[in-house]
Amino acid sequence: MAYPRKREENAPETLLRPLWFPVTLGALTVLEVVLRFLGLGAYPGLIYDEYYYVPAADVLLRRHPISVVKNAVPGIDPNLLSHPPLAKELMAGAIWLFGQHAWVWRLPAALGGALVPLMAAGIAWELFRHRGIAAGAFFLASLDGLFLFMSRGGLPHSPAGAFLLAAPWGFLTLTPRLGSDRPVRGGRWLGLG
């Protein structure tokens, strides 16, 4: 329950921010991450389109791919015409940091998929300023079958979905500040970019 603060003269009435909302979203985001990481590398081989993207990440790292790629030139993504390189570069960065393992090349997709509900809640909050609607958006996005499926494999779609939702969320948080006296910090501009 929100309690009104002491009202100052000529100041708009503001409410104390209830603690349940950020705590609930934070706990649910942690749960999203944990559920996506359970058994993430249980199957050690390549699945689905990982046959394309994991070798592409290896080529970007100038390594011999773990599966055969026709005309693979070290340092040049063999699938550059089919997908933009960012998701494969994220996968290559994870492989470079943590080594060649199934959970590692699935790591960027799992993180991206786990952040999608939080970003959906952020967009809903910025649009409606209603905690119930934002919590509902979080809940519905967390049950989305496409992101659940795509975040369990080394595929470029979950990181792309996370970036696609981050852009409008950043835009919606930035635009009200432009027309008011509130300062716009550099991090918000950088995040929007």
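What you see is a predicted model; the values in this text were computed from it and never measured. The numbering scheme is per chain: residues are counted from 1 as the chain's sequence reads. Only residues with pLDDT of at least 70 are given local features in this predicted model, and only at 80 or more are side-chain atom pairs given and counted; all residues enter the totals for whole chains, interfaces and linings. Side-chain descriptors were evaluated using all non-hydrogen atoms of the structure, hydrogens and water having been removed beforehand.

Asker: Please clarify how the nonpolar core should be interpreted in this entry.
Answerer: To define a nonpolar core, start from buried Ala, Val, Leu, Ile, Met, Phe, Trp, Tyr and Cys residues and group those joined through side-chain atoms within 4.5 Å. Buried means the residue's accessible area, taken with a 1.4 Å probe over protein chains only, is under 20% of the maximum for its type, while exposed means over 50%, and partly exposed covers the values in between. Core analysis: the largest hydrophobic core is formed by 14 residues, its most contacted members being Val54, Ala57, Met91, Ile95 and Trp105. At the level of secondary structure, the elements contributing two or more residues to this core comprise α2 (50-60), α3 (86-98) and α4 (102-105). Numbering of helices and strands starts at the N terminus; helices are DSSP runs of H or I of at least 4 residues and strands are runs of E of at least 2. If you tally residues by element for this core, the top one is α3, at four residues. Other than its neighbours up to four places away in sequence, Ile95 contacts Ala57, Asp58, Leu61, Arg63, Gln100, Val104 and Trp105. Membership of the second largest hydrophobic core comes to seven residues, among which are Phe21, Ala124, Ala134 and Phe138. What makes two residues a contact is simply this: any of their non-hydrogen atoms within 4.5 Å.

Asker: Hey, could you run me through the environment of Gly41 in this one?
Answerer: Mapped onto the fold, Gly41 is located in the loop between α1 (20-37) and α2. Here the alpha-carbon distance between Gly41 and His101, two residues 60 residues apart in the chain, equals 7.5 Å.

Asker: Help me understand helix α8 (residues 157-178) in this model?
Answerer: Side chains of residues three or four places apart in an α-helix project in the same direction, reflecting 3.6 residues per turn. Along its 22 residues, α8 runs 32 Å from first to last C-alpha, staying within 8% of the 32 Å computed at 1.5 Å per residue. Ser158, Pro159, Gly161, Ala162, Gly170, Leu172, Thr173, Leu174 and Arg177 are the residues of α8 that are buried. Take the number of residues in a helix, subtract one, and multiply by 1.5 Å to get its expected span.

Asker: Teacher, can you tell me more about the side chain of Ser158 here?
Answerer: Within the secondary structure layout, Ser158 lies in helix α8. With a relative accessible area of 0%, Ser158 lands in the buried category. Not counting chain neighbours up to four residues away, the residues in contact with Ser158 comprise Ala109, Gly112, Gly113, Phe147, Met150 and Ser151.

Asker: What is the right way to look at the pattern of salt bridges in this model?
Answerer: Where charged atoms from two side chains of opposite charge approach closely, those side chains can pair. Salt bridge, as used here: a side-chain nitrogen of Lys or Arg that lies within 4 Å of a carboxyl oxygen of Asp or Glu. A complete count under the given rule lists three salt bridges for this structure. The partner of Arg106 in a salt bridge is Glu50, and the shortest N-O contact between them spans 2.7 Å. Of this pair, Arg106 sits in the loop between α4 and α5 (107-128) while Glu50 sits in helix α2; the two residues are 56 residues apart in sequence, bridging distant segments of the chain. In this structure, Arg106 and Glu50 share a single accessibility class: buried.

Asker: Can you walk me through the packing of aromatic side chains in this structure?
Answerer: Two aromatic rings are characterised by how far apart their centres lie and by the angle between their planes. In summary, the pairing rule links any two rings of Phe, Tyr or Trp, Trp by its six-membered ring, whose centres are within 6.5 Å, and it sorts them by plane angle into stacked for under 30 degrees, edge-to-face for over 60 and tilted for everything else. Tallied over the full model, the rule gives four aromatic pairs. Residues Trp20 and Phe21 carry aromatic rings whose centres are separated by 5.7 Å and whose planes lie at 80 degrees to one another, so their mutual orientation is edge-to-face. On the accessibility criterion, Trp20 (44% relative accessible area) is partly exposed. Here the aromatic rings of Phe21 and Trp125 are separated by 5.8 Å at their centres, their planes lie at 40 degrees, and the arrangement is tilted. In this pair, Phe21 sits in helix α1 while Trp125 sits in helix α5, placing the two residues 104 residues apart along the sequence. Under the relative-accessibility criterion, Phe21 is labelled buried at 11%. An aromatic cluster of at least three residues, connected via ring pairs, comprises Trp20, Phe21 and Trp125.

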